[in-house]
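Given next are the chains, with one letter for each unit.
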Amino acid sequence: MAINLQKGQRINLVKSSGSTLQNICVGINWGAIETKNWLGMASKEAVDLDASCVLYDENKTVLDIIYFGNLRSAEGAISHSGDDLTGDMDGDDGLDNEIITVDFARLNPAVANIAFVLNSFRGQDFGTIPFASIRIYEGTPTRVNEIFATFDIANGSGFAGHVSMVMGVFYKKNNEWKFNAIGEPTKDRNLQETINTVTNQFL
């Protein structure tokens, strides 16, 4: 059974069987915004959310950034499914629009933190974007073996009026990986500003 992550909750990466997850997917799902034209006719406005992750060493130095412009980490342990420019135009299809895959066993040993952030590329307000959510699961971008945790963005309080957020941070403690569900909107307008916020506030 998946754990419904709450803001600030820290969890171990342990499956229901008791074994530790090594291959994790962080998936983001969202929909297009419903609008009406000047005649009152309904239409859909494409939404471009960008999921990214930032790799840090123990000194908070950025080692790598995985985003739509760099889809694979240097050692190949982390990969991005690619940029989704629209969201689900015809309603929630139940699939993730962007997925970042992490293989902890292949990570550079110097990596101590992996921060996941979300940015609204066109500056569309999180409070207007339907069914935006995060899920963490074991599997691949095309196969879900077991959903490990979920995080509801669309129904979370405080996101209206923001276009950037820190989803959470995987961190290494005593050589074991854990996850901190941050879920905090920020005042940032782009990825670089959000990275600066993570570095200064959430590590």
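We now turn to the structure provided with this report. The residue numbering used here restarts from 1 in each chain and proceeds along that chain's sequence as written. Residue-level local features of this predicted model are given only where pLDDT is at least 70; pairs of side-chain atoms are given and counted only at 80 or more, and the full residue set underlies all totals for whole chains, interfaces and linings. Based on all heavy atoms of the structure, the side-chain values leave hydrogens and waters out of the count.

**Structural notes on the pattern of salt bridges**
- Between Lys or Arg on one side and Asp or Glu on the other, a salt bridge is scored when a side-chain nitrogen of the former is within 4 Å of a carboxyl oxygen of the latter. The tally for this structure, following the rule as stated, stands at 1 salt bridge.
- Across the salt bridge formed by Arg-135 and Asp-96, the nearest N and O atoms sit 2.8 Å from each other. In this pair, Arg-135 is assigned in strand 11 (residues 133–140) and Asp-96 in the loop between strand 8 (78–80) and strand 9 (98–103), connecting sequence segments 39 residues apart.
- Buried means the residue's accessible area, taken with a 1.4 Å probe over protein chains only, is under 20% of the maximum for its type, while exposed means over 50%, and partly exposed covers the values in between. Asp-96 sits in the buried class, given a relative accessible area of 15%. Note on conventions: DSSP H or I runs of at least 4 residues are helices, E runs of at least 2 residues are strands, and numbering of each starts at the N terminus.

**Quick word on unusual backbone geometry**
- If you check the backbone angles, Phe-131 has positive phi at about 40° while not being a glycine.
- Inspection of the secondary structure puts Phe-131 in the loop between strand 10 (113–120) and strand 11.
- Positive phi values are uncommon outside glycine, yet Asn-174 reaches one of about 55°.
- Structurally, Asn-174 is set in the loop between strand 13 (164–173) and strand 14 (176–186).

**Points about the packing of aromatic side chains**
- Stacked, tilted and edge-to-face are the three classes applied to pairs of Phe, Tyr and Trp rings, where Trp contributes its six-membered ring and a pair requires centres within 6.5 Å; stacked means planes under 30 degrees apart, edge-to-face means over 60, and tilted covers the rest. Applying the stated criterion across every chain yields a total of 7 aromatic pairs.
- Aromatic pair Phe-126 and Phe-159: ring centres 6.4 Å apart, planes at 85°, arrangement edge-to-face. Taken together, the positions of Phe-126 in the loop between strand 10 and strand 11 and Phe-159 in the loop between strand 12 (143–152) and strand 13 put the pair 33 residues apart, joining distant regions of the chain.
- When its relative accessible area of 6% is taken as the criterion, Phe-126 is described as buried.

**A few points about the side chain of Asn-113**
- Mapping Asn-113 onto the fold places it in strand 10.
- Contacts are assigned to residue pairs that have any heavy atoms within 4.5 Å of one another. Dropping the residues within four chain positions of it, Asn-113 is found in contact with Val-54, Leu-55, Tyr-56, Asp-57, Val-169, Phe-170, Tyr-171, Trp-177 and Leu-203.

**Description of the nonpolar core**
- Grouped together as the largest cluster of nonpolar side chains are 40 residues, with contacts concentrated most on Ile-78, Phe-104, Leu-107, Ile-114, Phe-116, Leu-118 and Phe-170.
- Where this core is concerned, the elements lending two or more residues are strand 3 (23–29), strand 6 (49–56), strand 9, strand 10, strand 11, strand 12, strand 13 and strand 14.
- If one sorts the elements of this core by residue count, strand 6 sits on top with 4 residues.
- Sequence-distant contacts of Phe-104, defined by excluding residues within four places in its chain, comprise Leu-13, Leu-21, Gln-22, Ile-24, Ile-114, Phe-170 and Trp-177.
- Buried residues of nine kinds, namely Ala, Val, Leu, Ile, Met, Phe, Trp, Tyr and Cys, make up a nonpolar core once their side-chain atoms join them within 4.5 Å. Formed by 11 residues, the second largest nonpolar core is a distinct cluster that contains Ala-115, Val-166, Ile-182 and Ile-195.

**Here's the deal with the environment of Ser-157**
- Looking at the secondary structure, you find Ser-157 in the loop between strand 12 and strand 13.
- Taking the C-alpha atoms as reference, Ser-157 lies 9.6 Å from Pro-185; in sequence the two are 28 residues apart.

**Some thoughts on the sheet that holds strand 14**
- Spatial strand order, 2-14-13-10-6-7: 6 strands in an open sheet with antiparallel pairing. The sheet is open, and its two borders are formed by strand 2 (9–12) and strand 7 (62–66), each paired with just one other strand. For this sheet, the mean inter-axis angle between neighbouring strands, taken without regard to orientation, is 20°.
- One bridge is not enough; two strands pair if DSSP finds at least two bridges between them. Alignment of strand 13 against strand 14, held across 9 bridges, turns out to be antiparallel. The partner of Val-166 across the bridge, within strand 14, is Glu-184.
- Docked against the sheet, helix 1 (residues 191–201) engages strand 6, strand 7, strand 10, strand 13 and strand 14, running at close to 140° with respect to strand 10. In this analysis an axis means a line fitted to C-alpha atoms, helices contributing only their contacting stretch, and an angle means the value between N-to-C directions, from 0 to 180 degrees.

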